[in-house]
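Residue-level structural notes
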Amino acid sequence: DAGITQSPRYKITETGRQVTLMCHQTWSHSYMFWYRQDLGHGLRLIYYSAAADITDKGEVPDGYVVSRSKTENFPLTLESATRSQTSVYFCASTPGTGGDTQYFGPGTRLTVL
Amino acid sequence: DQQVKQNSPSLSVQEGRISILNCDYTNSMFDYFLWYKKYPAEGPTFLISISSIKDKNEDGRFTVFLNKSAKHLSLHIVPSQPGDSAVYFCAASNTGKLIFGQGTTLQVKP
């Protein structure tokens, strides 16, 4: 089915471990985004990508790494997970810029113990 | 520094009545505003948007109003239905990146 998917949906890990969250979209949208949702903060942008091999930092990039070797995939890696990275992570995509609606995946709930 | 604020964490209304959700912003360079709706354990879904050159946009039961001089936008839902119970996020766009408010939880009571 067409759309945007995230995996895993739930993940529990320990402090210091490396974790990779996957995001896949079938629309061939140019832009992809990673957000985290925390109580009292809404959704905050971590990283975004305008196209394959083009990525840029958002509001809260520290502790995260992204890559985009293919248009349809945009993985987010926590190189050494910390408890403050416990959150719900959402991936989104959009065909362009200038206010284009972003379409969100179902989210990954990550718990760092 | 929160550029987009939703000052009401929650709102409760009776079914059939109007729901009004509010959002304030500080950056006058924002050129596009959106409302998203989010159910538990799901991603946000787009609801309605408005360009900064307009002051109103309507889509069925949902209307968004923009007051640029006050840097304020609001979402009106008329009539409210129990299925509208969700978290509502306003968002503002500048150069394609969205800045979200903290969200308002709407409860519509039957």
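That block above? That's the structure.
Analysis parameters
- Residues numbered from 1 in each chain as written.
- Chains lettered and ligands numbered in written order.
- Predicted model: local features only at pLDDT ≥ 70, side-chain atom pairs only at ≥ 80, totals over all residues.
- Heavy atoms only, no water.
- Helix = DSSP H or I, 4+ residues; strand = E, 2+ residues; numbered from the N terminus.
- Rg over C-alpha atoms; globule rule 2.2 N^0.38 Å.
- Buried < 20%, exposed > 50% of the residue type's maximum accessible area, 1.4 Å probe, protein only.
- Areas by Shrake-Rupley, 256 points an atom, 1.4 Å probe, with all protein chains shown as cover.
- Lys, Arg positive; Asp, Glu negative; His and termini not counted.
- Charge placed at Lys NZ, Arg CZ, Asp CG, Glu CD.
- Phe/Tyr/Trp six-rings, centres within 6.5 Å; stacked < 30°, edge-to-face > 60°.
- Disulfide = S-S within 2.5 Å.
- Pairing = 2+ DSSP bridges.
- Axes fitted to C-alpha atoms, helices over the stretch in contact; angles between N-to-C directions.
- Contact = heavy atoms within 4.5 Å.
- Buried area = accessible area lost by both parts, 1.4 Å probe.
- Salt bridge = Lys/Arg side-chain N within 4 Å of Asp/Glu carboxyl O.
- Polar contact = N/O pair within 3.5 Å; in protein donor to acceptor, adjacent residues only side chain to side chain.

What follows covers the overall build of chain A. Summing up its helical and strand segments, chain A has 0 helices and 11 strands in all. Along its sequence from the N terminus, chain A presents helices and strands in the succession β-β-β-β-β-β-β-β-β-β-β. By the compact-globule yardstick of 13 Å for 113 residues, chain A fits well, its C-alpha radius of gyration being 13 Å. Principal-axis analysis of the C-alpha atoms gives chain A an extent of 35 × 25 × 25 Å. The burial tally for chain A puts 48% of its 113 residues in the buried class. Of the accessible surface of chain A, which amounts to about 5,400 Å², a share of 47% is contributed by carbon and sulfur atoms. Of the charged side chains in chain A, 10 are positive and 10 negative, and the gap between their average positions amounts to 8 Å.

This paragraph deals with the packing of aromatic side chains. Applying the stated criterion across every chain yields a total of 15 aromatic pairs over all chains. Taking 5.8 Å as the distance between ring centres and 55° as the angle between the ring planes, the aromatic pair formed by Y36 of chain B and F100 of chain B counts as tilted. A residue pair is termed long-range when its members are at least 10 positions apart, and Y36 of chain B in strand β4 (residues 32-38) and F100 of chain B in strand β10 (residues 97-100) qualify at 64 residues. Using a relative accessible area of 0% as the deciding quantity, one classes Y36 of chain B as buried. Here F100 of chain B falls in the buried class, since its relative accessible area comes to 3%. Ring centres 6.4 Å apart and planes at 85° place the aromatic pair F89 of chain B and F100 of chain B in the edge-to-face group. Of the two residues, F89 of chain B sits in strand β9 (residues 86-94) while F100 of chain B sits in strand β10, which places them 11 residues apart along the sequence. Among the aromatic residues, those joined into a ring-pair cluster are Y31, F33, Y35, Y48 and F104 of chain A together with Y36, F46, F89 and F100 of chain B.

Now for the state of the cysteines. Counted under the stated rule, the structure contains 2 disulfides over all chains. A sulfur-sulfur separation of 1.8 Å characterises the disulfide bridge that pairs C23 of chain A with C91 of chain A. Measuring the twist about the S-S bond at about -75°, one finds the C23 of chain A-C91 of chain A disulfide to be left-handed. Linking C23 of chain A in strand β3 (residues 19-25) with C91 of chain A in strand β9 (residues 87-94), this pair joins segments that are 68 residues apart in sequence. Comparing C23 of chain A with C91 of chain A, the two get one shared label, buried. Paired by a disulfide, C23 of chain B and C90 of chain B hold their sulfur atoms 1.9 Å apart.

This part is about the sheet that holds strand β7 (residues 64-66) of chain A. Residue and element names in this part refer to chain A. Sheet architecture is open: 4 strands sit in the order β1-β3-β8-β7, paired in antiparallel fashion. Bordering the open sheet on either side are β1 (4-7) and β7, each of which pairs with just one other strand. Averaged over neighbouring strand pairs, the angle between their axes works out to 20° when direction is ignored. Two elements, β7 and strand β8 (residues 76-78), share 3 bridges in a ladder whose sense is antiparallel. Paired with V65 across the strands is T77, a residue of β8.

Taken residue by residue, the interface counts 18 residues in chain B and 19 residues in chain A. Taken together, both faces of the contact between chain B and chain A bury some 1,500 Å²; the carbon and sulfur share is 60%. Summed over the shared surface of chain B and chain A, the result is 0 salt bridges. The interface formed by chain B and chain A contains 2 residue pairs in polar contact (both at pLDDT 80 or more). Elements supplying a minimum of two residues to the side of chain B that touches chain A: β4, β9 and β10 of chain B.

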